[in-house]
Amino acid sequence: QNFQYDLTGTPCLGVIEGRTCCYPESLQKFFPENEAIKRMQAEAYVGVPLLNSSGDIIGHLVVVDEKPAAHAACFAATFHENFRAGSNFCCSLYAE
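These numbers come from a predicted model, not from an experiment. (Residues numbered from 1 in each chain as written. Predicted model: local features only at pLDDT ≥ 70, side-chain atom pairs only at ≥ 80, totals over all residues. Heavy atoms only, no water.)

### Considering the pattern of salt bridges
On inspection of all chains with the given rule, the structure shows two salt bridges. Note that Arg19 and Glu17 form a salt bridge whose closest N and O atoms lie 3.1 Å from each other. Taking the relative accessible area as the measure of exposure, Arg19 reaches 27% and is therefore partly exposed. Note that Lys38 and Glu35 form a salt bridge whose closest N and O atoms lie 3.4 Å from each other. Here Glu35 and Lys38 lie together in helix α3 (residues 35-40), a separation of three residues that amounts to about one turn. Judged by relative accessible area, which is 36%, Lys38 ranks as partly exposed. (Salt bridge = Lys/Arg side-chain N within 4 Å of Asp/Glu carboxyl O. Buried < 20%, exposed > 50% of the residue type's maximum accessible area, 1.4 Å probe, protein only. Helix = DSSP H or I, 4+ residues; strand = E, 2+ residues; numbered from the N terminus.)

Structure below.
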């Protein structure tokens, strides 16, 4: 079933703007107002834009986990996507 929702205040916003986004840990600290992230008890997020054959963004694919992601795996996915597609990327770490 297709659905739509407001992406303001979500990690998906950067992905829909064309960036691969990676938050390997502390996702709730980056998006403290996002109720869906809280409900899922999400800690890690990786999202990539989905492009059609013309290079237009037609959606996004994300992986969300309730446990922190292995840093190496998250960064590898980000860099792989960046170099493969030539897209922009963002990557965030939360340091206390």
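### Quick notes on the nonpolar core
Grouped together as the largest cluster of nonpolar side chains are ten residues: Leu7, Cys12, Val15, Cys21, Tyr23, Leu27, Phe31, Ile37, Ala42 and Tyr45. When neighbours within four sequence positions are excluded, Tyr45 is seen to be in contact with Pro11, Cys12, Val15, Cys21, Cys22, Tyr23, Leu27, His60, Val62, Val63 and Val64. (Core = buried A, V, L, I, M, F, W, Y, C linked by side-chain atoms within 4.5 Å. Contact = heavy atoms within 4.5 Å.)

### Considerations on unusual backbone geometry
With the exception of glycine, most residues fall at negative phi, and the peptide bonds are largely trans. A positive phi angle, close to 60 degrees, is found at Ser26, a residue other than glycine. Within the secondary structure, Ser26 sits in the loop between β1 (19-23) and α2 (27-30). One non-glycine residue, Gln41, adopts positive backbone phi at about 55 degrees. Structurally, Gln41 can be placed in the loop between α3 and β2 (44-51).

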